[in-house]
Amino acid sequence: MTDVTARAGGPAAPPHTLVDVARTWGLVLGAELARGPHGRVVEATTEDGTRAVLKVATTGVRWEATALLAWRGVGAPALLRHDPSAGALLLERIVPGTPPDGTSADDVAPLLHNLHVAAPDEVPPLAEVVRQRLARAAEERRAPAQKIAWAQDALDELEQDAPPPVLLHGDLDDRNLLACARRGLCAVGPRPCAGDPAYDAGTWVHGSRRPGRRARLDAIVAATGLPRERVRDWAAVVGVHAHQGRPARSAGGV
């Protein structure tokens, strides 16, 4: 199996530091917004006074930049500048940029509509990404073998009659949604891929194992018109591969 991280060029070696990038781009750095095993996100101000967010990461930057360019600031932060070789993204700062106080299907449905544009050729296919996630869940023993086997079979069935692919966020739940004065909701921290729009809806339905999954399923199907069975099955597959205890992301994700 080909690791999609490796296909993207793998981790930057060595990763550039925030200070390196800030010096090159003439940025004044502010408060740290997020830190994870693969990178950091901090507030930044450009030389002309524009408030922004600087993200430096060791994986996924090229695909994230590709997706952000495709979204053009609709449904996600605008990409102000990027350097894939440095693992660096300069993003629009979302205001107020706070976690939403709960989200409804009526909030999420228009966001999905805005994100699900034509998929650029550069992003990996959903099936490849999900197989990699299931393999990682198996290696880390985060799910029983029978659940992994079920999810692999479900993935095969979902792929047999898949709709035309669209650009997917790839990790769309409330951890990666911010309140935005201009947009209402803004999606951050994408793990872009190309595939069935019901996958993003299913990820939101799964909701990191929050209670109320059935109600979210009914609501998002009504709000989007997506096939109930596909959203339901993708939510179940996400439930198998989803990492338990991942740190929350904010203002761009890590």
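Please refer to the structure higher up on the page.
If you're wondering where the values come from, they're calculated on a predicted model, not measured in any experiment.

About the cut-offs
Residues numbered from 1 in each chain as written. Predicted model: local features only at pLDDT ≥ 70, side-chain atom pairs only at ≥ 80, totals over all residues. Heavy atoms only, no water. Pairing = 2+ DSSP bridges. Helix = DSSP H or I, 4+ residues; strand = E, 2+ residues; numbered from the N terminus. Axes fitted to C-alpha atoms, helices over the stretch in contact; angles between N-to-C directions. Contact = heavy atoms within 4.5 Å. Expected span 1.5 Å × (residues − 1). Buried < 20%, exposed > 50% of the residue type's maximum accessible area, 1.4 Å probe, protein only. Salt bridge = Lys/Arg side-chain N within 4 Å of Asp/Glu carboxyl O. Arc of directions from axis to C-beta. Core = buried A, V, L, I, M, F, W, Y, C linked by side-chain atoms within 4.5 Å.

A. Structural context of the sheet that holds strand β1 (residues 28-36). Read across the open sheet, the five strands follow the order β1-β2-β3-β5-β4; overall the sheet is antiparallel. Two strands bound the open sheet, and with one partner strand each, they are β1 and β4 (79-83). On average, adjacent strands in this sheet sit at an angle of 20° to one another, irrespective of strand direction. Where strand β3 (residues 51-57) meets strand β5 (residues 88-92), five bridges bridge the pair, whose relative direction is antiparallel. By the bridge assignment, K55 is partnered in β5 with L89. The strands touched by helix α2 (residues 18-25) within the sheet are β1, β2 (39-45), β3, β4 and β5, with β3 carrying the most contacts at an inclination of about 135°.

B. Focus on helix α5 (residues 126-139). Between its first and last C-alpha, α5 extends 20 Å over 14 residues, near the 20 Å set by a 1.5 Å rise per residue. Across the 14 residues of α5, 10 count as buried, placing the element largely inside the fold. Looking at the residues trailing α5, positive phi occurs at R141, about 55°.

C. Local environment of the pattern of salt bridges. Evaluation of the coordinates by the stated rule reveals 17 salt bridges. Between R131 and D156 there is a salt bridge; the shortest N-O distance is 3.1 Å. One end of the pair, R131, is in helix α5; the other, D156, is in helix α6 (residues 145-160), and 25 residues separate them in sequence. Among the charged side chains, a network of salt bridges with common partners joins D171, D173, R175 and R191.

D. Structural detail: unusual backbone geometry. Backbone torsion omega between V95 and P96 reads 0°, so that peptide bond is classified as cis. Relative to the assigned elements, P96 resides in the loop between β5 and α4 (105-115).

E. Fine view of helix α8 (residues 213-224). The first and last C-alpha atoms of α8 sit 16 Å apart over 12 residues, in line with the 16 Å expected at 1.5 Å per residue. Buried within α8 are the following residues: R216, L217, I220 and V221. Looking straight down α8, one finds its buried side chains confined to an arc of 125°; they lie on one side. Residues of α8 that are exposed and point over 90 degrees away from its buried face: R214, A215 and A222. Where α8 terminates, the next one or two residues include G225, which has phi positive at roughly 75°.

F. The arrangement of the nonpolar core in detail. Of all hydrophobic cores here, the largest spans 57 residues; its most connected members are V130, L172, I220, V231 and W234. Of all hydrophobic cores here, the second largest spans 13 residues; its members include A52, L54, A88 and L90.

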